[in-house]
Amino acid sequence: MSSDPIYSAQLEALKEKKKNMRLGGGAEAIEKQRKKGKLSVWERIEYFFDAGTFVEVGAYIELRNEFFGLGKKKTPGDGVVTGFGLVNGRLVYAAAQDFTVLGGSLGEMHGKKIASLMDMALQNGAPFVSLNDSGGARVQEGIGALCGYGDIFMRNTRASGVIPQISLIMGPCAGGAVYSPGITDFVVMVKDTSYMFITGPEVIRTVTGETVSMEALGGPEMHSGKSGVVTYVGENDQDALDWVKRLLSYLPGSNAETPPSVNSVPQIEMPADIEELVPANVNKPYDMSEVVKNILDINSFLELQENYARNVIIGFGRLGGTSVGIVANNPRESAGCLDVNASDKAARFVRFCDAFNIPLITLVDVPGFLPGTDQEYNGIIRHGAKLLYAYAEATVPKLTVILRKSYGGAYICMCSRHLGADFVAAWPGAEIAVMGPDGAVNIVFKKDIDAVKEAGGDAEAKAAECKQEYIDKFANPTIAASRGYVDDVIEPAKTRSVLLAYLRALSTKHQEGPKRKHGNIPL
Ligand code: HXC
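Okay, so let's go over this structure. (Residues numbered from 1 in each chain as written. Predicted model: local features only at pLDDT ≥ 70, side-chain atom pairs only at ≥ 80, totals over all residues. Heavy atoms only, no water.)

### Comments concerning the overall build of the protein chain
Helix and strand counts for the protein chain come out as 21 helices and 17 strands. Dimensions of the protein chain, computed from C-alpha atoms along their principal axes, come out at roughly 110 × 55 × 45 Å. Looking at the protein chain as a whole, 50% of its 523 residues qualify as buried. Taking contacts inside the protein chain between residues at least 6 apart in sequence as the whole, the part at least 24 apart equals 74%. Within the structure as shown, the protein chain displays about 24,300 Å² of accessible surface, and the carbon and sulfur contribution to it stands at 55%. Positive and negative side-chain charges in the protein chain, numbering 54 and 61 respectively, have mean positions lying 5 Å apart. (Helix = DSSP H or I, 4+ residues; strand = E, 2+ residues; numbered from the N terminus. Buried < 20%, exposed > 50% of the residue type's maximum accessible area, 1.4 Å probe, protein only. Contact = heavy atoms within 4.5 Å. Areas by Shrake-Rupley, 256 points an atom, 1.4 Å probe, with all protein chains shown as cover. Lys, Arg positive; Asp, Glu negative; His and termini not counted. Charge placed at Lys NZ, Arg CZ, Asp CG, Glu CD.)

### A look at the packing of helix 5 (residues 143-159) against helix 6 (residues 176-183)
In contact at an axis separation of 9 Å, helix 5 and helix 6 are set at 10° when each is read in the N-to-C sense. Judged on the interaxial angle alone, helix 6 and helix 5 are roughly parallel. The segment helix 5 lies against helix 6, with Tyr149, Ile152, Phe153, Asn156 and Thr157 engaging Gly176, Ala177, Tyr179, Ser180 and Ile183. For the contact of helix 5 with helix 6, the per-class residue count stands at six nonpolar, four polar and no charged. (Axes fitted to C-alpha atoms, helices over the stretch in contact; angles between N-to-C directions. Parallel < 35°, antiparallel > 145°, perpendicular 65-115°, else oblique. Nonpolar A, V, L, I, M, F, W, Y, C, P; charged D, E, K, R; others polar.)

### Observations concerning the pairing of strand 14 (residues 398-407)
Here strand 14 lies mainly inside the structure; ten of its ten residues are buried. Sheet topology places strand 13 (residues 360-366) next to strand 14; six bridges connect them, and they run parallel. Along strand 14, the bridge assignment pairs Val364 with Ile402. Examined bridge by bridge, strand 14 and strand 15 (residues 423-426) share four bridges and lie parallel to one another. Considered in strand 15, the bridge of Ile402 is made with Ala426. Chirality of the crossover, the property in question, places the unit of strand 14, helix 16 (residues 408-413) and strand 15 among those that are right-handed. Bridging between strand 14 and strand 16 (residues 431-433) involves three bridges; their strand directions are parallel. (Pairing = 2+ DSSP bridges. Right-handed = clockwise from strand over helix to strand, strands pointing away.)

### Structural notes on the site of the ligand
In the region of the ligand, 20 residues are neighbours, and Gly103, Gly135, Ala137, Val139 and Gly176 sit closest. The contact in question runs from an oxygen atom of the ligand to an N or O atom on the backbone of Gly103, over 3.1 Å. Between a nitrogen atom of the ligand and a main-chain N or O atom of Ala137, the distance comes to 2.9 Å. Within the complex, the protein chains bury 57% of what would otherwise be the 1,000 Å² of accessible surface of the ligand. For the shell around the ligand, the element with the highest residue contribution is helix 5, accounting for three residues. Within the shell around the ligand, the residues separate by chemical class into ten nonpolar, seven polar and three charged. (Near = heavy atom within 4 Å. Polar contact = N/O pair within 3.5 Å; in protein donor to acceptor, adjacent residues only side chain to side chain.)

### Section: helix 13 (residues 340-355)
Between the first and last C-alpha of helix 13 there are 23 Å, a value that for 16 residues agrees with the 22 Å anticipated at 1.5 Å per step. Considered for burial, the residues of helix 13 that qualify are Val340, Ala342, Ser343, Lys345, Ala346, Ala347, Phe349, Val350, Phe352, Cys353 and Asp354. Phi turns positive one or two residues past the end of helix 13, at Asn357, with a value near 60°. (Expected span 1.5 Å × (residues − 1).)

### A look at helix 5
Taking 1.5 Å of rise per residue, the 17 residues of helix 5 would be expected to cover 24 Å, and the 24 Å separating its terminal C-alpha atoms lies within 8% of that figure. For helix 5, the set of buried residues is Gly144, Ala145, Gly148, Tyr149, Ile152, Asn156 and Ala159. The arc that holds every buried residue of helix 5, seen down its axis, measures 135°, which confines them to one face. Away from the buried face of helix 5 by more than 90 degrees, exposed residues Ile143, Leu146 and Arg158 are located. In this fold, the buried residues of helix 5 make contact with helix 4 (108-124), strand 5 (165-169) and helix 6. Gly161 sits one or two positions beyond helix 5 and adopts a positive phi of about 85°. (Arc of directions from axis to C-beta.)

### Examining the nonpolar core
Of all hydrophobic cores here, the largest spans 67 residues; its most connected members are Phe48, Leu168, Leu247, Leu251, Phe316, Val327 and Leu387. Of all the elements, helix 13 adds the most residues to this core, at seven residues. Residue contacts for Val327: discarding those within four places in its chain leaves Val312, Ile313, Ile314, Ala346, Phe349, Val350, Leu360, Ile361, Thr362, Leu363, Tyr391 and Met414. Within the second largest apolar cluster, 28 residues are counted, among which are Ile274, Val278, Leu296 and Leu500. (Core = buried A, V, L, I, M, F, W, Y, C linked by side-chain atoms within 4.5 Å.)

### Considerations on the sheet that holds strand 3 (residues 90-97)
Pairing in this open sheet of seven strands is mixed, and the strands run 1-2-3-4-5-7-9 from one edge to the other. Two strands bound the open sheet, and with one partner strand each, they are strand 1 (55-57) and strand 9 (232-234). Adjacent strand axes in the sheet meet at a mean angle of 25°, parallel and antiparallel pairs treated alike. The pairing of strand 3 with strand 4 (residues 128-132) spans four bridges and is classified as parallel.

### As for a negative patch on the surface
On the surface, Asp273, Glu275, Glu276 and Glu491 cluster together into a negatively charged patch. Examined against the element boundaries, Glu276 turns out to sit in helix 11 (residues 274-277). Note on Glu276: relative accessible area 67%, which makes it exposed. (Patch = residues over 30% accessible without salt bridge, like charges linked within 9 Å, V, L, I, M, F, W, Y side chains within 5 Å. Salt bridge = Lys/Arg side-chain N within 4 Å of Asp/Glu carboxyl O.)

### Describing the pattern of salt bridges
Summed over the entire model, instances satisfying the criterion amount to 26 salt bridges. The residue Arg155 makes a salt bridge to Asp119 at a minimum N-O spacing of 2.8 Å. One end of the pair, Arg155, is in helix 5; the other, Asp119, is in helix 4, and 36 residues separate them in sequence. The residue Asp422 makes a salt bridge to Lys509 at a minimum N-O spacing of 2.9 Å. Of the two residues, Asp422 is situated in the loop between helix 16 and strand 15 and Lys509 in the segment after helix 21 (495-505); the sequence distance between them amounts to 87 residues. With a relative accessible area of 26%, Asp422 lands in the partly exposed category. Beyond isolated ion pairs, a larger network of salt bridges with shared partners links Lys38, Arg44, Asp133 and Asp237.

Structure (structure tokens):
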């Protein structure tokens, strides 16, 4: 049949059309993007998916609104490439916007393409990854553009907790182009080339008179350190895409699956002498991420939101090859206390792990919730409650280790037995109390110390004696263990092997909550 001249002419025409379609807004426009340090949309897709596995869906769709001269513009694929393929051998759906076509702006058909691919991802239980590079709603299309975004937000929400959703911000993204990522589970930006804001600097200047640069308004540094919107910042497009591939390796395709297991190195004991990483003096800081790395399989820790609320560490890792979610106080930053931002950061992560069957490991070294007007005015009650709620609600295996201290509300909050931890271990020196010895002495023994002072005695010596009495009573996990709130007091060097054993024991855990439409987490 291919010798038929009419047929071969059609074939040639098809090839030519496909070649042109792949050029999006044209070779010149692609070159302009490259000069900014960005890959083209097809380079991104080819870099992300396993070679030769990407299948495009809806390639021939074009815009159908012709207002304001749009009809005269070429919009191959209406500015977005949608399809599916394999990432490290596993099915992933993706939509990649092409900034060379009308600034990647989202018109009616552009929106419909993304929405229909999201339906496929949801129905087939595979992650959805969006590569965003867009000026937001296509102004010339009016309601057509707005309805496109509405369709996407609706699907983002319906898919939340069913399939993992990951957004890459790979250019200047405005308006609707940032609200969809805002709903998704993880947001990755790219250094120097990506920005996120609901309205750009120009609109801000017109409306409020404020002058601000794109970088200061919505650059990666701001979003990773201040707003907390961003999970990771890639050095360039390739690094961002590599990071997402690694992230996917910890996640199941959907909430109906368990996360993939990998064959891990048979390593029972921890590589470093863990006691050397954690000073005995509870007031001395140290970097908890080093402890985390020592407990997990070698090189398996993937930290998330590294630059935001650094007093709490969150991330994925593997224990004996199984994906786990880590939440850990970090005494290196603000003594590892819980505050507004740390509570938000940890709570959302706990909920993700719970939705996707990823066991939680919580490492505790916490002096309490941060006191002060700043925290109260910013709603620490509401935000701290999120973390309490998230842990209490989670039904995945929950393993907790108290390393040095765990005081007050933060003790309860950091996945205590009272919030349903399946296993709680404590190191021998762990202090579990309403508060630390210094604060407690002034409350419990105030009258005794004052009496010594009034009698002209040595009040300081009395205070030291009272403090010691308090430490002897509470600066160890004995009482908590005797009541069954701590299951085991363990040698620090055994932490990994004990957690491995419990993780195995809980691998078939099944727990149902009460029947309800949904809870009302304090947002
Ligand atoms: C139509 C758009 C567009 C848009 C960009 N373009 N954004 N066309 N609708 N929203 C076009 C530009 O006109 C230009 O076309 C081309 O894309 C490239 O844009 P440049 O401005 O030259 O690029 P750059 O200098 O890199 O600036 C990128 C940008 C800027 C920061 C994104 O274009 C911008 O501020 N755009 C508008 C952002 C915005 O306010 N969007 C609407 C948000 S409201 P030519 O033909 O010149 O090449 C929204 C509503 C939904 O999204 C909200 C749901 C909650």
